[in-house]
Amino acid sequence: MTEDQGDAEPTGLAGRTGPPRRDRRGRGMRGPAVLPLTWPSREHTPPRPRSRREVFDRIMLDVVTEIDARWSEHLGLVEYAVEDTPQLPDDWDSGRVPLSSLVRGSGATPSRLVVFRRPLEHRATDRADLEAIILTVVVEQVAELLGVDPGEVDPRYSADDD
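Residues numbered from 1 in each chain as written. Predicted model: local features only at pLDDT ≥ 70, side-chain atom pairs only at ≥ 80, totals over all residues. Heavy atoms only, no water.

### Points about the sheet that holds strand β1 (residues 78-83)
Either a parallel or an antiparallel arrangement is found when strands of a sheet pair, and the pairing is made through backbone hydrogen bonds. The strand order β1-β3-β2 describes an open sheet built from 3 strands, whose pairing is mixed. The open sheet has two free edges, formed respectively by β1 and β2 (100-103), since each of these has just one partner strand. For this sheet, the mean angle separating the axes of adjacent strands, direction not counted, is 15°. Looking at chain direction, β2 and strand β3 (residues 111-116) are connected through 4 bridges and run antiparallel. Residue pairing in the sheet places S100 in a bridge with V115 of β3. (Pairing = 2+ DSSP bridges. Helix = DSSP H or I, 4+ residues; strand = E, 2+ residues; numbered from the N terminus. Axes fitted to C-alpha atoms, helices over the stretch in contact; angles between N-to-C directions.)

Now the structure itself:
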């Protein structure tokens, strides 16, 4: 091996020198792997959700944050969760799929309110409808925990929604 061969860059794919520019299927990166560093300075808005799950989670978080801020001193510890579908027992004979689940806490165990994403998405026609359905389900469950009328929990709740 000569001196000048030892200093040369290793040969990449197809005789090129340096690192390969594309992946092995030739498509390359499809988008940035992380947010650009300039993101916080752009109007201070978070990036748009990319999937239906992210849209649902964002709506759920907005509803729960608002209700929990209003009622946290009366509710105590409550865990809020989103699951895709309910786990139904084999002997489930009801013709309806549950939209949520509420398990009351005791002592140091917090109450747990679980909202099922897929049944709610199935009932919604658009995003505004989904927001209304999530609000209705969460308000009804929080009202059940508090032992009050759902209209007291949130003024946007309307009893004629189904």
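### Things to note about the nonpolar core
Grouped together as the largest cluster of nonpolar side chains are 27 residues, with contacts concentrated most on I67, L120, I134, V138, V142 and V153. For this core, the secondary-structure elements that each account for two or more residues are α2 (52-75), β3 and α4 (127-146). The leading source of residues in this core is α4, at 11 residues. Beyond its immediate stretch of four places on either side in the chain, V142 contacts I67, L75, L113 and V153. (Core = buried A, V, L, I, M, F, W, Y, C linked by side-chain atoms within 4.5 Å. Buried < 20%, exposed > 50% of the residue type's maximum accessible area, 1.4 Å probe, protein only. Contact = heavy atoms within 4.5 Å.)

### Things to note about the side chain of S100
With respect to the helices and strands, the residue S100 is situated in strand β2. Among the polar contacts listed, one links the side chain of S100 to the side chain of Q141, at a separation of 2.6 Å. With near-sequence residues (within four places) excluded, S100 lies in contact with V114, V115, F116, V137 and Q141. (Polar contact = N/O pair within 3.5 Å; in protein donor to acceptor, adjacent residues only side chain to side chain.)

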